[in-house]
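A look at the structure
Next come the chains, spelled out residue by residue.
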Amino acid sequence: MRRRSSWTLIAAFLLLVARPAGFAQDAAPARSPRNASYQLLATLDPESHTIHGSGRVIWRNITTVPANDLRFHLYWNAWRDANSSWMREQRLGRSSALTRRPADQSGSIEIISMVARGTDLRPKATFVAPDDGNADDRTVLSVPLDRPVLPGETIDIDIAWTSRVPVTFARTGRLGQYYFIAQWFPKLGVFQNNGEWNAHQFHAATEFFSDFGTYDVALTVPKGWTVGATGVASPVLPGAEGQDTHRFVADDVHDFAWTTSPNFVEHVERFEHPGLPPVTMRLLLQREHAKQAERHFVATRAALRYYGEWFGPYPYSHITIVDPVTPVNPDEQGGSTGGMEYPMLFTAGTRNWAPLDGSQPESVTIHEAGHQFWYGIVATNEFEHAWMDEGLNTYATARVIDEALPNKFVTVERYFGGFVPWAFTDVRWSRAIDGNRLNAYRPVATYDTQSTPTWRYWPGSASQISYNKTALWLATLERYLGWETMQRVLATHFSRGAFRHPTPEEFFAIASEVAGADLTWFFDATVRSSAAFDYAVTQVTNTPAADGFESVVVVRRLQDGVFPLTIKRTYADGTTDMTAWDGQNRWEAIVDHGPSPIVRVEVDPNRILMLDLNYTNNSWTATPQAPAAARRWSLRWMGWLQEVMLTYAFFS
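Parameters at a glance
- Residues numbered from 1 in each chain as written.
- Predicted model: local features only at pLDDT ≥ 70, side-chain atom pairs only at ≥ 80, totals over all residues.
- Heavy atoms only, no water.
- Helix = DSSP H or I, 4+ residues; strand = E, 2+ residues; numbered from the N terminus.
- Rg over C-alpha atoms; globule rule 2.2 N^0.38 Å.
- Buried < 20%, exposed > 50% of the residue type's maximum accessible area, 1.4 Å probe, protein only.
- Core = buried A, V, L, I, M, F, W, Y, C linked by side-chain atoms within 4.5 Å.
- Contact = heavy atoms within 4.5 Å.
- Salt bridge = Lys/Arg side-chain N within 4 Å of Asp/Glu carboxyl O.
- Expected span 1.5 Å × (residues − 1).
- Bend = angle between axes of the 7 residues up to and from the residue.
- Pairing = 2+ DSSP bridges.

1. Structural notes on the overall build of the protein chain
On a plain count of helices and strands, the protein chain comes out with 13 helices and 33 strands. Its C-alpha atoms give the protein chain a radius of gyration of 27 Å, within 12% of the compact-globule value 26 Å for 652 residues. Principal-axis analysis of the C-alpha atoms gives the protein chain an extent of 100 × 65 × 50 Å. Counting all 652 residues of the protein chain, 56% fall into the buried class.

2. Quick word on the nonpolar core
Grouped together as the largest cluster of nonpolar side chains are 165 residues, with contacts concentrated most on Trp59, Trp184, Leu219, Phe256, Trp258, Phe507 and Phe523. With 9 residues, helix α3 (residues 293-310) is the largest single contributor of residues to this core. Those residues in contact with Leu219 that sit more than four places away from it in its chain are Ala42, Trp184, Val227, Ala229, Asp244, Thr245, His246, Phe248, Phe256 and Trp258. Counting residues in each nonpolar core, the second largest holds 5 residues, with Ala205, Val444, Tyr457 and Ile465 among its members.

3. Quick notes on the pattern of salt bridges
Proximity of charged atoms lets side chains of opposite charge pair with each other. Evaluated as defined, the whole model comprises 26 salt bridges. The closest approach of N and O atoms between Glu269 and Arg301, which form a salt bridge, is 2.7 Å. Separated by 32 residues along the polypeptide, Glu269 in strand β20 (residues 265-273) and Arg301 in helix α3 bring together distant segments of the chain. Here Glu269 falls in the partly exposed class, since its relative accessible area comes to 25%.

4. Focus on helix α5 (residues 362-378)
Counted at 1.5 Å a residue, the expected span for α5 with its 17 residues is 24 Å, and the 24 Å between its end C-alpha atoms agrees. Along α5, the sharpest change in direction is near 35° and occurs at His371. Here α5 lies mainly inside the structure; 17 of its 17 residues are buried. Where α5 terminates, the next one or two residues include Ala379, which has phi positive at roughly 60°.

5. Concerning the pairing of strand β14 (residues 213-222)
On a regular strand, each side chain points to the face opposite its neighbour's, so the side chains alternate between the two faces of the sheet. β14 sits mainly inside the fold: 10 of its 10 residues count as buried. As judged from the 6 bridges shared by strand β1 (residues 36-45) and β14, these two strands associate in the parallel manner. Looking at β14, one finds that Leu40 is bridged to Val217. As defined by bridge partners, β14 adjoins strand β18 (residues 243-253) across 9 bridges and the pair is classed as antiparallel. Across the sheet, residue Gly213 finds its bridge partner in β18, namely Val253.

Okay, here's the thing in structure tokens:
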């Protein structure tokens, strides 16, 4: 009865009030089809960790074929028990700690009512498992309709549900009084022109895909708690019995996430840059990270500026940055919700005692803010092509860090269980290695063909393929085409793909069009293949001859990946010679005659091929570099030994 009273009060409120002041999209025409919109009311009960939700889903069929059913994602059922597909996959190649949680930490979502055109839809609704046939998976609900939704027709679905908030799984849930609520309501899949819904089960290796719409959401939480959410906030409406209601509205977004806690410290600043629209930046910070506020703003400004200048402007008037609670022991307390993107809102990630020279919280903040562009605005299908967001964004993040924060980032190691940080200021952050994550890509280079639908990747290596391999081949393409061409490729992809879910084939076509050359061979070798790349210098001889020296250089292709390269020879008299090699054959011998012997050979001397797994074998020198190598590895060994001794001393 109390819930009914709240519903009546809030419904009246939603009908009477105008849209939030300062909502920049009000006067703007729709940027997206807005065919999947949600008007929702939700009340959080922190005593039972339960959300009571209700509202209306308004869906318009924008395809050319009728829809005979609806399909809803009920993501939180992935954490109902250990039998869901998410849980099964989590045990494959990933940490199984999350699958052993006690029942009181689980999550779930249950439909209470679902009515459309005056008909109760629940009796015919069934859970389906289109991907793996797992009868225990309850993350996709199929809802047959008595009459199809014809092309261009709209259907309203009144719905009520209850969600149990889990201790954090997959960057969603609760930690103490901190709640981060994502993928929390029944959300429609994407209906396609082939007459089928693109509504995959919730998998351990994928993210999300949904249509654009308008979200108008009222959130009721305990009085005095701070709320951050997708959209622009209205003034808080005081509620009865110790509650407040916060309303957020957003146009042209494809999801809605929110957070609440009584412990946030709020900061607000403004992003302004010539040629780009202003953005209000709202930061919700944990109290123990109070001194890091400006670092979050600096990083968010950098993302909004450089992504805006390179690819296209951020079109919304607000962005909310959430600093999540960091669990001391993730296995026991649940993982962090940090490092995740949602429309107009993202979670950053930092820790206590973050050294000023270190890369946190700046790098994760830039990365998650950058998702607003590829995930939020372009909005590709991350179930099947996660690389189109994660990979492009990893590549772009590294470029922003290199551009906006030079000479700042160094290696930070943490000791005593990760509690005490130490910055090694003589080890510089490298875009080529750290930014594009070459080290993490190496061991899984051949695990999956990248064009495989992402939800079918090996769960333990999916992120390395989606994030790291993509960043590496984009960096390769940048070095092959030049930055100006690469920037135009991405800007064209952004402008043509914004608000409409472009496909990989569209991206490939744009790349070839802008480059003025057919790049099919490149995408065949990288995206449509699991080929690994490794070129090496394997033999160099200098033999005295009548004209001076006969020098023979042998280079090899050690893996199956093929890429055109140059081979540079440097002679004792200081002269150099370059030879182009198409990289096709397994080996190539180059014979030179000249007055001086060869003293240095380099394959790919300008390091165009960033996917080369072992760049250390790409060169040969007549004079061994053993002292430099010995010094480097000795320092690494000493650092490792120091960590072992400090840890031993701490626990002894």
